[in-house]
Amino acid sequence: MNLKSLNTKTVPKNLLYFTGILAVLILINIISQYAFFRIDLTADKRHSLSKDSKEILKDLDDVLYIKVYLEGDLNVDYEKFRQSIEDLLYEFRIYGGSHLEYEFANPFEGVRTDAERDTIILRMIRQGFIPRNVISTDNEGGLSEKIVFPSAILYYGNYGKVVNFLYDDIKASGQDDIDFSSSMVEYNLIKAIKVLTTREVTNIAFLQGHSEFSIEFVKRVTENLSEYYHVDSVYLHNRIDALDRYEVCVIAQPLDYFSPQDKYILDQYLMKGGRLFWLVDPIQLDAEALKYTSLQPTLLNLNLDDLFLMNGIKVSSEIVRDLNCEQIEYKSQLLPVSYFPLLIPNPDHPITKNLNEVTGKFTHPISLTKKSSALKLTPLIYSSENSQLTRLPYTFGFEDLIAPVNPADFNQSYQTIGLLMEGKFESISKINRAAAGQFNYPVPDPVLESVPTKMAIIADGDIIRNSIRYSENGQILPGPISTANLNLIINTIEYLAGDMDLLALRNRKFDIRRLDAGKVGGEENFWKTLNMIVPSLLVILFGGLFLYLRKKRYSK
C-alpha cells in the first residue's frame, strides 16, 4: 500500500470533520450568548433559584456587595454550611452579573491577643451580628471551643444590612438548626436584598389600649419584623384614620373591653382593605403564673363577638386539651400537659407549609356559625385526633395542670385553633348603625361590604408570646420563643401583607440526607481502603482489556 496515497485521501476527510466540529462549537457559543440556561438534576431543586429571586437579582442597578463571615478553621457542619452559602452566591452572581460581588472573610484574621478578639466580638454584636459558640472534636477526641459569626453584611448604595443565617430553635439540635438554616439562606438573603433595593417599607401596627401584650412579651416577633417592616405600637384614641397607613394590624391577646368606637374603627379598617390578625383568648389565665399560685379563670368581655359572628365564626370559651402535648419537668421527671397542645400546621397552605408543631397554651376552638360564598376559610393550625373540649374549674392550679388523664375522654378530634379568612367581609354596621354616631366629630358613612381583603384569627394569644425573665432590679427581659411559633406569626403577617414571593422562598425545604454516624465510625477504614483499591483495580482491568483487544485486532 502506498502510504503517501493513503494520507492524501484521508486529509480532506479529516479536515472536513475538524471544520464541522469547529462550526458546531462556534454555533453553540453564539447561541449561549443569547439563550442562557441551566439544568438542576436534584430532586428538590436545591441548586435552582426561585423566579422571584432571579428577577430581583436581574433588576440590580447598583453594585450589591455581600461579605460572609464564615472563613477560617470551621468544624465539619459549619464547613458544609459555608459551602452551601458559597454555592448559592455563585448562582446569585450568574443572574446579578457585574452588579453582584461577594467574599468570605474571617473576622479574627490577624488577631493576636484576647483583648483584640473581645473588641471585635463586641463591635460585631453591636452591629447586629449574632455569635455562636462552636465545639469541635479532633481525630484524637479532643474538644475545642471557638466563636463564629454565621452571618453576612450586605451593602447596596449608601445602605447596609446584617443577615444572621442560623435559626436558634430551642427545641432543635444543633445539627437540625444548621440543616433548617441551610434551606433558609436564599430567603434571608433575598429578603434583605429586597429591603435594600426597595425604598418603600410596609407598615405593621401592633394595637395597644386594651391590655394587649406589651413590647417585652412580643419582642422576638417585633425584632424579626423590624428587620424588614416598619413596626409601630398604635393607640386608636377614637381616631377613625388611626390605622390608615398600616397594611396589617396585629391584636395580641387583648384583655379589656373594646368600645363601640374602637370596634367601629377596626371594622371600617377591614372594610377599606386593611388586614387584621387576631390572637385572642376568651378566658384570662396566665400559664406562667400557675408555677407560683392557683388562679381563678376569668371569662373576658372583649365585646368582639358580633364582629366575628357577622362573618360566620365564633371563638368558644371551652379549652382544647390534647394527648399530643408539651411536656414539662417536675420533680426530675417529664410530665405531659394536655392543656399545652402541640398543634398541627396545615401542610397545604403557604403560611403553614413545612412548619413544625406549634406550641399552644390553653387554646380554644374556632367554630363556624354560617357559610358565606364571599369568604374563603382555611384552617391554619388544629389539634390532633386525640383531643378533647373541656371547661376549667373555678380555681385552677399547677396540680390541675399535670393531673393524670383518661385517654378515652380525648375523642373530639381536629379542633380548629387558627383560621384564615379571605374575600369580602360584612360590616357590623349592617346590624348596628349607631356606632358611627358615637364619635364627637363627623365621620364618613360606614362601608357595609369590604373590598377583597384578609383576616386571620388564632384562638390562643400565648402563641405569639416569648418567654420572659426578670433582672435583679425587676426589669422584664425577653426570652426565647419556639421557631415554629415565631415562623407561624411571621408567615401569617407576610401573607396578610402580600409578600407571597418571600413566603414561597421561606417554604422551600430540602431533604437532608445524612450519613449513618454509626456506620461511618465503624466502617471508616473499610471504605477508605475500598476507595483506594477499587479505582486502581479498574484502571488495571480496563488497561489490560484494551491491550488484549488491540493485540487481537492487529494480530490478524
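No experiment lies behind these values; they were computed from the predicted model shown.

**Student:** I keep staring at the overall build of the protein chain and nothing clicks. Help me out?
**Tutor:** When helices and strands are counted, the protein chain shows 14 helices and 24 strands. Considering only contacts within the protein chain whose residues lie at least 6 apart along the sequence, 76% involve residues at least 24 apart. About 30800 Å² of surface is accessible on the protein chain, with carbon and sulfur atoms providing 53% of the total.

**Student:** Before we go on, may I ask you to explain the pairing of strand 22 (residues 453–458) in this structure?
**Tutor:** The side chains of a regular strand alternate, first on one face of the sheet and then on the other. Of all six residues in strand 22, six are buried, a share of seventy percent or more. Of the strand pairs in this sheet, strand 10 (residues 275–279) and strand 22 are connected by four bridges, and their pairing is parallel. Its bridge partner being in strand 22, Leu 279 is matched across the sheet by Ile 458. Alignment of strand 21 (residues 416–423) against strand 22, held across six bridges, turns out to be antiparallel.

**Student:** Sorry, what's going on with helix 2 (residues 51–58) here?
**Tutor:** The periodicity of an α-helix, 3.6 residues per turn, causes residues three or four positions apart to be oriented the same way. Taken together, the buried positions of helix 2 are Ser 53, Ile 56 and Leu 57. Along the axis of helix 2, the buried positions cluster into a sector of 95°, meaning they face one direction only.

**Student:** Would you mind going over the pattern of salt bridges with me for this structure?
**Tutor:** Opposite charge on two side chains permits them to pair, given that their charged atoms come into close proximity. Using the criterion set out here, one finds 14 salt bridges in the structure. A salt bridge links Asp 73 to Lys 146, with the nearest nitrogen and oxygen atoms 3.1 Å apart. Of the two residues, Asp 73 is situated in the loop between strand 1 (64–68) and helix 3 (76–96) and Lys 146 in strand 4 (residues 143–148); the sequence distance between them amounts to 73 residues. Here Asp 73 falls in the exposed class, since its relative accessible area comes to 59%. On the basis of relative accessible area, Lys 146 is assigned to the partly exposed category, the value being 24%. One salt bridge in this structure joins Arg 82 and Glu 86, with 2.6 Å as the shortest N-O distance. Residue Arg 82 and its partner Glu 86 are both found in helix 3; the two are separated by four residues, about one turn of the helix. Of the residues examined, Arg 82 reaches a relative accessible area of 9% and is grouped as buried. The class of Glu 86 is partly exposed, set by a relative accessible area of 24%. The structure contains a network of salt bridges with shared partners spanning Glu 71, Arg 82 and Glu 86.

**Student:** Help me understand the packing of aromatic side chains in this model?
**Tutor:** Each aromatic ring pair is summarised here by two numbers: the centre-to-centre distance and the angle between the ring planes. The tally for this structure, following the rule as stated, stands at 17 aromatic pairs. For the pair Tyr 69 and Phe 129, a centre-to-centre distance of 5.4 Å together with 85° between the ring planes defines the contact as edge-to-face. One end of the pair, Tyr 69, is in the loop between strand 1 and helix 3; the other, Phe 129, is in the loop between helix 4 (114–127) and strand 3 (132–137), with 60 residues separating them in the sequence. Each member of the pair, Tyr 69 as well as Phe 129, carries the same accessibility label: buried.

**Student:** Please clarify how unusual backbone geometry should be interpreted in this entry.
**Tutor:** Comment: phi is negative for the bulk of residues other than glycine, and the bulk of peptide bonds are trans. Within the chain, Lys 331 stands out as a residue other than glycine whose phi angle is a positive 50°. Along the polypeptide, Lys 331 turns up in the loop between strand 15 (325–330) and strand 16 (333–345). Its relative accessible area of 66% is what places Lys 331 among the exposed residues. Even without glycine at this site, Ser 332 takes up a positive phi of about 65°. If you trace the backbone, Ser 332 turns up in the loop between strand 15 and strand 16. Overall, Ser 332 belongs to the exposed group, its relative accessible area being 72%.

**Student:** Would you mind going over the pairing of strand 5 (residues 151–156) with me for this structure?
**Tutor:** Most of strand 5 sits inside the fold, with five of its six residues counted as buried. In terms of strand pairing, strand 1 meets strand 5 through five bridges, oriented antiparallel. By the bridge assignment, Val 68 is partnered in strand 5 with Ala 152. In the sheet, strand 5 pairs with strand 6 (residues 159–164) via six bridges, with the strands oriented antiparallel. Bridged to Leu 154 within strand 6 is Lys 161. Linking two consecutive strands that pair antiparallel, namely strand 5 and strand 6, is a turn of two residues; a positive phi of about 65° is found at Gly 157 within it.

**Student:** Looking at this structure, how should I read the side chain of Asn 203?
**Tutor:** With respect to the helices and strands, Asn 203 occurs in strand 7 (residues 203–208). Judged by its relative accessible area of 14%, Asn 203 is buried. Here the side chain of Asn 203 touches Arg 245 through a polar contact of 3.1 Å, landing on its backbone oxygen. Those residues in contact with Asn 203 that lie beyond four places of it in its chain are His 230, Arg 245, Tyr 246, Glu 247 and Val 248.

The rules behind the values
- Residues numbered from 1 in each chain as written.
- Predicted model: local features only at pLDDT ≥ 70, side-chain atom pairs only at ≥ 80, totals over all residues.
- Heavy atoms only, no water.
- Helix = DSSP H or I, 4+ residues; strand = E, 2+ residues; numbered from the N terminus.
- Contact = heavy atoms within 4.5 Å.
- Areas by Shrake-Rupley, 256 points an atom, 1.4 Å probe, with all protein chains shown as cover.
- Buried < 20%, exposed > 50% of the residue type's maximum accessible area, 1.4 Å probe, protein only.
- Pairing = 2+ DSSP bridges.
- Arc of directions from axis to C-beta.
- Salt bridge = Lys/Arg side-chain N within 4 Å of Asp/Glu carboxyl O.
- Phe/Tyr/Trp six-rings, centres within 6.5 Å; stacked < 30°, edge-to-face > 60°.
- Polar contact = N/O pair within 3.5 Å; in protein donor to acceptor, adjacent residues only side chain to side chain.

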